[in-house]
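Architecture at a glance
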Amino acid sequence: MSLVSNLSLSGSDRLAALRLAATVVLSFAIIAIVIGWSIAPQLFTSHSPVVGVPADKLLGPSLAHWFGTDHLGRDVYARVVFGTASSVSSALVAVVIGVVAGGLIGLVAGFLGGWVDIVFARLVDVLLSIPKFLLAVIVVTAIGFETINAAIATGVSAVAFFARVTRSEVIKTRQSTFVEASFLSGGSRWYILLRHVLPNASRSVLPLAVLQFGESILVIASLAFLGYGDPPPASDWGLLISIGKDYLKWPWLVYAPAFVTIATVLSVNRISRWLRKTD
């Protein structure tokens, strides 16, 4: 009886693991499609994202137009696909800025300590006291209304989070026994920093970077929705939602880009959770 129960328990555990793996696989599949859209959009649609057919305006979703058409007769699916490159590349730029600037601040502050740590810690506290989206709006207003500027603004708003996480990981690693042993063995500060501290601290930064990638997509889409990105005929996801909200009788103009945005962000978040649980 116990053998049967153990077998059924192990079978249910396998099913649970299979369901978990399926969500991760599905998330990677969605991200792979999004990356394909951003790299070679012409392989996924034959319609133009800019030129439309006036006679086909405001058509509902069909086999000819998967996401319907807009008020100018342009294929919404084509506009979503061609707008992916701008949305993904902008989010990637934001993540790189946050990781490099924030990681460098946290690495230096956590490793050197003393007055350097105090100065950088107060700087991070100031950045954290400002709401992230408000800081992004302030930065993009100062440097100009373009998608690349929105990406820079989003990256600046994420610097404090990467700095705090990196600093905490560096301090924890610096106090480890193997680091003290390396220092007593004659290892220089630069050797210990690059050989021991940086690799161990980066383990927590990677899931945060993936998570920040999804959040950057949302922030950049929100900025584009408010008009802080590239103007039409650009087809950033946030701009498509902003244009579609003026045509409430044709909801697919909003639902299509919103669904793609939500699916992408949820997939990125799922991958980030999987990375946190993976050694």
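Our subject is the structure that appears above.
Residues numbered from 1 in each chain as written. Predicted model: local features only at pLDDT ≥ 70, side-chain atom pairs only at ≥ 80, totals over all residues. Heavy atoms only, no water.

**Some words on the environment of Leu240**
Counted only if it meets this: Under the scheme used here, helices are H or I runs from DSSP no shorter than 4 residues and strands are E runs no shorter than 2 residues, and both carry numbers assigned from the N terminus. Residues are treated as being in contact if the distance between any of their heavy atoms lies within 4.5 Å.
Position of Leu240 relative to the elements: it lies in helix H8 (residues 237-244). Sequence spacing of Leu240 and Arg79 is 161 residues, and the spatial spacing of their C-alpha atoms is 8.2 Å. With residues near it in sequence (within four places) discarded, Leu240 still touches Arg79, Val80, Ser235, Leu253 and Pro257.

**Looking at empty space enclosed by the protein**
As a reminder, the rule being used: Only protein atoms enter the 1 Å grid used here. Points where a 1.4 Å probe fits but cannot escape make up a cavity, open sets with protein on both sides within 12 Å along at least five of seven lines make up a pocket, and a residue lines them when an atom lies within 4 Å of a point. Grid points are joined across faces, edges and corners, and a volume is the space filled by probe spheres set on the points. Charged means Asp, Glu, Lys or Arg here, nonpolar means Ala, Val, Leu, Ile, Met, Phe, Trp, Tyr, Cys or Pro, and polar covers whatever is left, Gly included.
Per the stated rule, a full pass over the model turns up 2 cavities of 30 Å³ or more. Of the volumes computed, that of the largest cavity is approximately 100 Å³. For the largest cavity, the full set of lining residues is Asp70, His71, Arg74, Val76, Arg79, Leu240, Ile243, Gly244, Tyr247, Leu253 and Pro257. Elements with a contribution of two residues or more to the lining of the largest cavity: helix H2 (76-112), H8 and helix H9 (252-277). The greatest single-element share of the lining of the largest cavity, amounting to 3 residues, is contributed by H8. Residue classes in the lining of the largest cavity are distributed as 6 nonpolar, 2 polar and 3 charged. Of the pockets and cavities examined, the second largest cavity occupies roughly 60 Å³.

**A word on the side chain of Ser157**
Selection rule: Type-normalised accessible area, obtained with a 1.4 Å probe on protein chains alone, sets the label of each residue: buried when under 20%, exposed when over 50%, and partly exposed for intermediate values. Polar contacts here mean pairs of N or O atoms no more than 3.5 Å apart (in protein, one a potential hydrogen donor and the other a potential acceptor; neighbouring residues in sequence count only if both atoms are side-chain atoms).
Locating Ser157 in the fold gives a position in helix H5 (residues 147-174). Assessed through its relative accessible area of 4%, Ser157 is described here as buried. A distance of 2.6 Å separates the side chain of Ser157 from the backbone oxygen of Thr154, its partner in a polar contact. Excluding residues within four positions of it along the chain, Ser157 makes contact with Lys132, Leu135 and Ala136.

**Things to note about the packing of H2 against H5**
Heads up, the rule is: The axes used here are C-alpha line fits, helices contributing only the stretch in contact, and every angle between their N-to-C directions lies in the interval 0 to 180 degrees. Here a crossing is called left-handed whenever its near helix is offset anticlockwise from the far helix by less than a right angle, and right-handed whenever the offset is clockwise.
Two elements in contact, H2 and H5, have axes whose closest approach is 5 Å; the angle formed by their N-to-C orientations is 35 degrees. In this structure, H2 crosses over H5, and the sense of that crossing is right-handed. In the contact of H2 with H5, the residues fall into 19 nonpolar, 11 polar and 2 charged.

**Examining the layout of surface pockets**
Within this model, the largest pocket holds a volume of roughly 310 Å³. Per-element accounting of the lining of the largest pocket gives the leading share, 5 residues, to H2. Its residues assigned to classes, the lining of the largest pocket shows 14 nonpolar, 2 polar and no charged.

**Things to note about the packing of helix H3 (residues 114-129) against H5**
Just so we agree on the cut-off: In this scheme, roughly parallel covers angles under 35 degrees and roughly antiparallel covers those over 145, while 65 to 115 is roughly perpendicular and the rest are oblique.
The contact between H3 and H5 brings their axes to 9 Å, and the two run at 140 degrees. Considering their axes alone, H3 and H5 lie oblique with respect to each other. Note that H3 runs across H5; the crossing there is left-handed. Across the interface between the two elements, Asp117, Val124, Asp125, Leu127 and Leu128 of H3 pack against Ala160, Phe161, Ala163, Arg164 and Arg167 of H5. Across the contact of H3 with H5, the residue classes break down as 6 nonpolar, no polar and 4 charged.

**Some points on H3**
Side chains three or four residues apart in an α-helix point the same way, a direct result of the helix having 3.6 residues per turn. The line we're drawing: The length a helix should cover is 1.5 Å for every residue beyond the first. The reported arc concerns the directions from the helix axis to the C-beta atoms and nothing else.
The first and last C-alpha atoms of H3 sit 23 Å apart over 16 residues, in line with the 22 Å expected at 1.5 Å per residue. All of the buried residues in H3 are Val116, Asp117, Ala121 and Val124. In a view along the axis of H3, the buried residues occupy a sector of 120 degrees, so they form one face of it. Facing away from the buried side of H3 by over 90 degrees, the exposed positions are Trp115, Ile118 and Ser129. Contacts made by the buried residues of H3 are with H2 and H5.

**Observations regarding the pattern of salt bridges**
Our working rule: Every case where a carboxyl oxygen of Asp or Glu lies within 4 Å of a side-chain nitrogen of Lys or Arg is listed as a salt bridge.
Scanning all chains against the criterion turns up 8 salt bridges. Here Asp125 ties to Arg122 by a salt bridge, and the two come within 2.9 Å at their closest N and O atoms. Linking Asp125 with Arg122, this pair stays in helix H3, spanning 3 residues, or about one helical turn. Here the salt bridges do not stand alone but share partners, grouping Asp70, Arg74 and Arg79 into one network.

**A word on the nonpolar core**
Rule in force here: In plain words, nonpolar cores are sets of buried Ala, Val, Leu, Ile, Met, Phe, Trp, Tyr and Cys residues tied together by side-chain atoms within 4.5 Å.
Counting residues in hydrophobic clusters, the biggest one holds 30 residues, and the most contacted among them are Trp37, Val80, Phe162, Phe213, Ile217 and Trp237. For this core, the secondary-structure elements that each account for two or more residues are helix H1 (2-39), H2, H5, helix H7 (189-225), H8 and H9. Not counting residues within four places of it along the chain, the set of residues in contact with Phe162 comprises Gly98, Val99, Gly102, Gly103, Val205, Leu208, Ala209 and Gln212. Counting residues in each nonpolar core, the second largest holds 10 residues, with Leu135, Ala136, Val137 and Val140 among its members.

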